[in-house]
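Descriptive analysis of the structure
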Amino acid sequence: MAYVIGQKVCLWQEDIRHGMGVVVLKEVIVTVTEIKTGVPGHWSRTPVSSQSLRGIGDDGKVYEKHWESWPESQTNCFTDQWSMRDDGEGDDPYWTPKEAVYAYNDLSRYNSGREVNVLVRTDVNGNSILPKGDFVHCAVHDLYGHSGQCCFKCLIEG
Ligand SMILES: [Zn+2]
């Protein structure tokens, strides 16, 4: 999957309220202005093939996705996250922007097949909220992706 210059990527700051749902405290639409690959892994220092991004948010601020180095852990590839920053909403100023298309899919997967304890995502006013910017949506599987991406469930079935 490749990001392109000019792509509008929707980022969310989520507050997961146990047993209640997910509240999007902050939403930013970032227009990608710079792309590079091959930044070193944070621990291994081995160059990664993933795309590091830099862009300008609709709030006028610069947003970066692992621009200097790529975070590494056993359990997370950090593709859905941007670099942590300190201008969040709520009690904690520190937040890690999450790409809305992935955030949406995570909750959709969690709710899939569930008839009780279905979690909903709302904005701070209690209204339901969907990814914005450049995206594709598969109505069959209710999954989102970045423009140009195919629904992986459709790929598997097709
Ligand atoms: Zn699909």
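What counts, and at which threshold
Residues numbered from 1 in each chain as written. Predicted model: local features only at pLDDT ≥ 70, side-chain atom pairs only at ≥ 80, totals over all residues. Heavy atoms only, no water. Donors = N, O, S within 2.8 Å, 3.2 Å for Na, K, Ca; no water. Helix = DSSP H or I, 4+ residues; strand = E, 2+ residues; numbered from the N terminus. Core = buried A, V, L, I, M, F, W, Y, C linked by side-chain atoms within 4.5 Å. Buried < 20%, exposed > 50% of the residue type's maximum accessible area, 1.4 Å probe, protein only. Contact = heavy atoms within 4.5 Å. Patch = residues over 30% accessible without salt bridge, like charges linked within 9 Å, V, L, I, M, F, W, Y side chains within 5 Å. Areas by Shrake-Rupley, 256 points an atom, 1.4 Å probe, with all protein chains shown as cover. Salt bridge = Lys/Arg side-chain N within 4 Å of Asp/Glu carboxyl O. Phe/Tyr/Trp six-rings, centres within 6.5 Å; stacked < 30°, edge-to-face > 60°. Lys NZ or Arg CZ within 6 Å of the ring centre and 35° of its normal.

1. Details of the coordination of the zinc ion
- Taken together, Cys 138 (SG), His 141 (ND1), Cys 151 (SG) and Cys 154 (SG) make up the protein donors of the zinc ion, found 2.1 to 2.3 Å from the metal.
- Along the chain, the residues that donate to the zinc ion are spaced as C-x2-H-x9-C-x2-C. Taken together, the positions of His 141 in the loop between β7 (135-138) and β8 (143-146) and Cys 154 in helix α2 (residues 152-157) put the pair 13 residues apart, joining distant regions of the chain.

2. Describing unusual backbone geometry
- You will see that Arg 45, though not glycine, has its phi angle at about 60 degrees, which is positive.
- Of note, Arg 45 is situated in the loop between β2 (21-37) and β3 (51-57).
- Although it is not a glycine, Asn 117 adopts a positive phi angle of roughly 55 degrees.

3. Section: the nonpolar core
- Val 9, Leu 11, Val 30, Tyr 63 and Trp 82 are the most contacted members of the largest nonpolar core, which has 14 residues in total.
- Where this core is concerned, the elements lending two or more residues are β1 (8-17), β2 and α1 (100-111).
- Not counting residues up to four positions away in its chain, the partners in contact with Val 30 are Gln 7, Lys 8, Val 9, Leu 11, Gly 55, Ile 56, Gly 57, Tyr 63 and Trp 82.
- Formed by seven residues, the second largest nonpolar core is a distinct cluster that contains Cys 10, Val 24, Ala 103 and Ile 129.

4. Digging into a nonpolar patch on the surface
- A surface patch of nonpolar side chains, amounting to about 340 Å² of accessible area, comprises Phe 152, Leu 155 and Ile 156.
- Relative accessible area serves as the criterion here: at 41%, Phe 152 is assigned to the partly exposed category.

5. Some points on the packing of aromatic side chains
- Taken as a whole, this structure holds three aromatic pairs when the rule is applied.
- Taking 4.5 Å as the distance between ring centres and 65 degrees as the angle between the ring planes, the aromatic pair formed by Tyr 104 and Tyr 144 counts as edge-to-face. Highlighted residues: Tyr 104 in helix α1 and Tyr 144 in strand β8, separated in sequence by 40 residues. Side by side, Tyr 104 and Tyr 144 carry an identical accessibility label, which is buried.
- Here a set of aromatic residues connected by ring pairs shows up, and it is made of Tyr 104, Phe 135 and Tyr 144.
- Positioned above the aromatic ring of Tyr 63 is the side chain of Arg 85, whose terminal nitrogen or guanidinium carbon lies 3.6 Å from the ring centre.
- Over the face of the ring belonging to Tyr 110 we find Arg 114, whose NZ or CZ atom lies 3.9 Å from the ring centre.

Keep in mind that these numbers describe shape and distance, not what the molecule does.
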